[in-house]
Number of protein chains: 2
Amino acid sequence: MTHSPDHPPERAHPAAPPVRRPGGRTSRIRTQVIDAVRAELGEHGYEGLTMEGVAARAGVHRATVYRRWQDVGGLIADVLDAAGEDDWQPPDTGSLRGDLTALNDEIQESLTVQPSIAEALMAASFRSEQAAHAQQQLWEDRYARCEALVERAVERGELPPHTDARGLLIASTAPLYHQLVLLRTAPDPQLPGYAAATAALAAAAGAFTRIAPDPES
Amino acid sequence: MTHSPDHPPERAHPAAPPVRRPGGRTSRIRTQVIDAVRAELGEHGYEGLTMEGVAARAGVHRATVYRRWQDVGGLIADVLDAAGEDDWQPPDTGSLRGDLTALNDEIQESLTVQPSIAEALMAASFRSEQAAHAQQQLWEDRYARCEALVERAVERGELPPHTDARGLLIASTAPLYHQLVLLRTAPDPQLPGYAAATAALAAAAGAFTRIAPDPES
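Residue numbers run consecutively from 1 along every chain, following the written order of its sequence. To read the labels, note that chains go from A and ligands from 1, taken in the order they are written. Only residues with pLDDT of 70 or above have their local features reported here, since the model is predicted, and side-chain atom pairs are shown and tallied only from 80 upward, although totals for entire chains, interfaces and linings are computed over all residues. Side-chain metrics in this entry use all non-hydrogen atoms of the structure; hydrogen atoms and water are not considered.

## Describing the overall build of chain A
The helix count covers DSSP runs of H or I at least four residues long, the strand count covers runs of E at least two residues long, and both are numbered beginning at the N terminus. Helix and strand content of chain A: 9 helices and 0 strands. Listing every helix and strand of chain A by position from the N terminus yields α-α-α-α-α-α-α-α-α. Each residue is assigned to one of three classes by its accessible area relative to the maximum for its type, calculated with a 1.4 Å probe on protein chains only: buried under 20%, partly exposed between the two thresholds, exposed over 50%. The buried share of chain A, taken over its 217 residues, is 54%. Pairs of residues are marked as contacts when any of their non-hydrogen atoms sit within 4.5 Å. Of the contacts made within chain A by residues no fewer than 6 positions apart, 69% connect residues no fewer than 24 positions apart. Note on areas: these come from Shrake-Rupley sampling with a 1.4 Å probe, and a residue is covered only by the protein chains present in the view. Carbon and sulfur atoms provide 52% of the accessible area of chain A, an area that totals close to 9,700 Å².

## Thoughts on the relation of the copies chain B and chain A
Applying a rotation about an axis and a shift along it to one chain copy brings it onto the other copy. It takes a turn of 180° to lay chain B on chain A, together with a shift of 0.0 Å along the axis; the resulting RMSD is 0.0 Å. These values place the two chain copies in the arrangement generated by a two-fold rotation axis. Minimal C-alpha separation from the rotation axis in chain B is found for B:A202, amounting to 2.4 Å. We superpose the copies by least squares over the C-alpha atoms of residues that have a pLDDT of at least 70 in both of them.

## Description of the interface of chain B and chain A
Each partner contributes residues to the interface: chain B has 34 residues there, and chain A has 34 residues. Once two parts are brought into contact, the accessible area they lose, counted with a 1.4 Å probe and summed over both, makes up the buried area. Of the roughly 3,300 Å² buried between chain B and chain A on both sides combined, carbon and sulfur atoms contribute 67%. A:E47 serves as the salt-bridge partner of B:R127, at 3.0 Å between the closest nitrogen and oxygen. Throughout this description, a polar contact denotes any pair of N or O atoms lying within 3.5 Å of each other; where both atoms belong to protein, one of them has to be capable of donating a hydrogen while the other can accept it, and for residues adjacent in sequence the pair is counted only when both atoms sit in side chains. Inspection of the chain B/chain A interface yields 12 residue pairs in polar contact (both at pLDDT 80 or more). Counting residues per element, the side of chain B that touches chain A draws most heavily on helix α8 (residues 165–182) of chain B, at 10 residues. Considered class by class, the residues forming the side of chain B that touches chain A number 20 nonpolar, 7 polar and 7 charged. Salt bridge, as used here: a side-chain nitrogen of Lys or Arg that lies within 4 Å of a carboxyl oxygen of Asp or Glu. Only Asp, Glu, Lys and Arg are considered charged in this grouping, and only Ala, Val, Leu, Ile, Met, Phe, Trp, Tyr, Cys and Pro are considered nonpolar; every other residue, Gly among them, is considered polar.

## Notes on the nonpolar core
Generally speaking, soluble globular proteins have nonpolar side chains that are buried together. Core analysis: the largest hydrophobic core is formed by 76 residues, its most contacted members being A:L168 and B:L168. Those residues in contact with A:L168, other than ones at most four positions away along the chain, are A:L96, A:L100, A:V150, A:L159, A:T163, A:A199, A:A203 and A:F208. Take the buried residues of types Ala, Val, Leu, Ile, Met, Phe, Trp, Tyr and Cys, join any two whose side-chain atoms come within 4.5 Å, and each joined set is a nonpolar core.

## A closer look at the confidence of the model for chain A
Residues and elements named next belong to chain A. Predictor confidence is given residue by residue as pLDDT, running from a minimum of 0 to a maximum of 100. Averaged over all residues, the pLDDT of chain A is 86; the fraction at 70 or higher stands at 86%. Per-element confidence in chain A ranges from a low mean pLDDT of 87 for helix α6 (residues 117–124) to a high of 97 for helix α2 (residues 51–58). Confidence estimates for the predicted assembly give a pTM of 0.81 and an ipTM of 0.78.

## Observations regarding α8(B)
All names here are of chain B. In this model α8 runs 24 Å from its N-terminal to its C-terminal C-alpha over 18 residues, within 8% of the 26 Å that 1.5 Å per residue would give. Here the bend at a residue is taken as the angle between two axes, fitted respectively to the seven residues that end there and the seven that start there. Along α8, the sharpest change in direction is near 35° and occurs at T173; proline P175 comes one to four residues later. Among the 18 residues that make up α8, 17 are buried, leaving the element largely enclosed by the rest of the structure. Following α8 by one or two positions, R184 adopts a phi angle in the positive range, close to 55°. By definition here, a helix of n residues has an expected span of 1.5 Å times n minus one.

## Re the domain arrangement of chain A
Often the size quoted for an interface is simply the accessible area lost on bringing the parts together. Residue and element names in this part refer to chain A. By domain assignment, chain A separates into domain 1 (24–83) and domain 2 (96–204). For domain 1 versus domain 2, the separation of C-alpha centres amounts to 27 Å. Of the residues lining the interface, 14 residues belong to domain 1; the matching set on domain 2 comes to 13 residues. Together domain 1 and domain 2 conceal approximately 1,200 Å² of surface at their shared face, both sides included; 72% is due to carbon and sulfur atoms. Counting the contacts that link domain 1 with domain 2 gives 2 residue pairs in polar contact (both at pLDDT 80 or more). Here the side of domain 1 that touches domain 2 takes 8 residues from helix α4 (residues 72–83), the largest share from any one element. Looking at side-chain class alone, the side of domain 1 that touches domain 2 contains 7 nonpolar, 3 polar and 4 charged residues. Those domain boundaries reflect an automatic or database domain assignment.

## Quick word on unusual backbone geometry
In this chain, A:Q114 is followed by A:P115 through a cis amide linkage whose omega measures -5°. As for its placement among the helices and strands, A:P115 is situated in the loop between α5 (96–112) and α6. Of note in the backbone geometry, A:Q70 takes a positive phi value of approximately 65° without being a glycine. Here the phi dihedral of B:H162 falls at roughly 65°; this positive angle occurs in a residue that is not glycine. Position of B:H162 relative to the elements: it lies in the loop between α7 (129–155) and α8. Judged by its relative accessible area of 51%, B:H162 is exposed.

## Overview of helix α1 (residues 25–44) of chain A
Residue and element names in this part refer to chain A. Between the first and last C-alpha of α1 there are 28 Å, a value that for 20 residues agrees with the 28 Å anticipated at 1.5 Å per step. If you check which residues of α1 are buried, you get T26, S27, I29, R30, T31, V33, I34, A36, V37, E40 and L41. The inward-facing, buried residues of α1 contact α2, α3 (62–69), α4 and α6. Positive phi shows up at G45, right after α1, with a value of about 75°.

## Here we look at the environment of A:L201
Residue and element names in this part refer to chain A. Counting through the fold element by element, L201 comes out in helix α9 (residues 191–204). A residue is classified by how much of its surface remains accessible, and L201, at 17% relative accessible area, is buried. In sequence terms L201 and E158 are 43 residues apart; their C-alpha atoms lie 10.0 Å from each other.

## Topic: the pattern of salt bridges
Under the defined criterion, the tally for this structure stands at 30 salt bridges over all chains. The network of salt bridges with shared partners includes A:E47, A:R127, B:E47 and B:R127.

## A closer look at the environment of A:P160
Residue and element names in this part refer to chain A. Relative to the helices and strands, P160 resides in the loop between α7 (129–155) and α8 (165–182). P160 sits in the partly exposed class, given a relative accessible area of 22%. Measuring from C-alpha to C-alpha, the distance between P160 and F208 comes to 8.9 Å, with 48 residues separating the pair along the chain. Once you skip the residues sitting within four places of it in the chain, P160 turns out to touch V154, A203, A204, G206 and T209.

Pasting the structure below:
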């Protein structure tokens, strides 16, 4: 989830004009501001996030921050956009269950680390339409990258062909978000493996096979 | 999710002193205020919820609302407490898959109806510790009531004995919350049945059997 300042965003966000000089001052300012937003979120949460606080911490003129990001929703959206510009790849452990467990371990870690920037960003996306849109884009990008994980399992013969990757990935990861973000239960160290094993079992039995809607077939 | 004013809350909430005269003026005021909070949430969302707006709509003195509920978080918490005082029971269709599908249909309906009070309450629980606690209590209560659904399936021989009801229920319902609340994808009319069938399949294969941690057994 590190920011790659050398990769200009592929889709310009309404609040973030295209980076004109990659690697130049515009890009440097964006990196400083995004780092500052993450640090402020970690310290004060979304409630304590202000344009002034971000500008001061980033060492950037307030006028620049207002002009380029407009408001706190714009800042959050750009942090989420930046997170999607990294070169993250899904785990490759050699087995479907191992891959899904490793993925769930990453998710559980990101949601339970204190402070959790991931959770602060999710909370923020309930407050700003722009942030919600960026959060959605980031998630869709992650699910798309994870399709490779499912394809490898099909190639290894662990899964039936035509397995719906998105359905399987949501089934495997959703219980973690549900428990940690919505139910707010204490982290269960067994849950990542448990949820992964359950989804892998259902998938192997054909639960996510698009071409054969009857799970018995 | 209807409010039952005749059932005094079993656990008194810090912000809501015990109802002194069930059916009396105290209880009547609570009903009026809770109805007003739900109506205000439906019209203006959490962002537009104010103590003044609730008092005016409920026809109750502002001082009374402040004294009894303290702040907006206290109001939300009491709405959630009241929701848990109903006599809701899980669906009983005669099959595990049917029950889980009917449960998911209820959840999908509550999250996609416009305005969705359920979603507004969830958003509010990201803003107030007190609301978050009440949301958690309500969910735990719902999962506890749903244990009957799983017990019936075990009795019918659809599930192995010692199936972990909570794990199965979370696996069945989490994809709906994930898609509708977190990913904010458009409602998929097939998702309730699809998620229910997946969880039922995994459960029948022993994925939630506590006594036999190896899902192959």
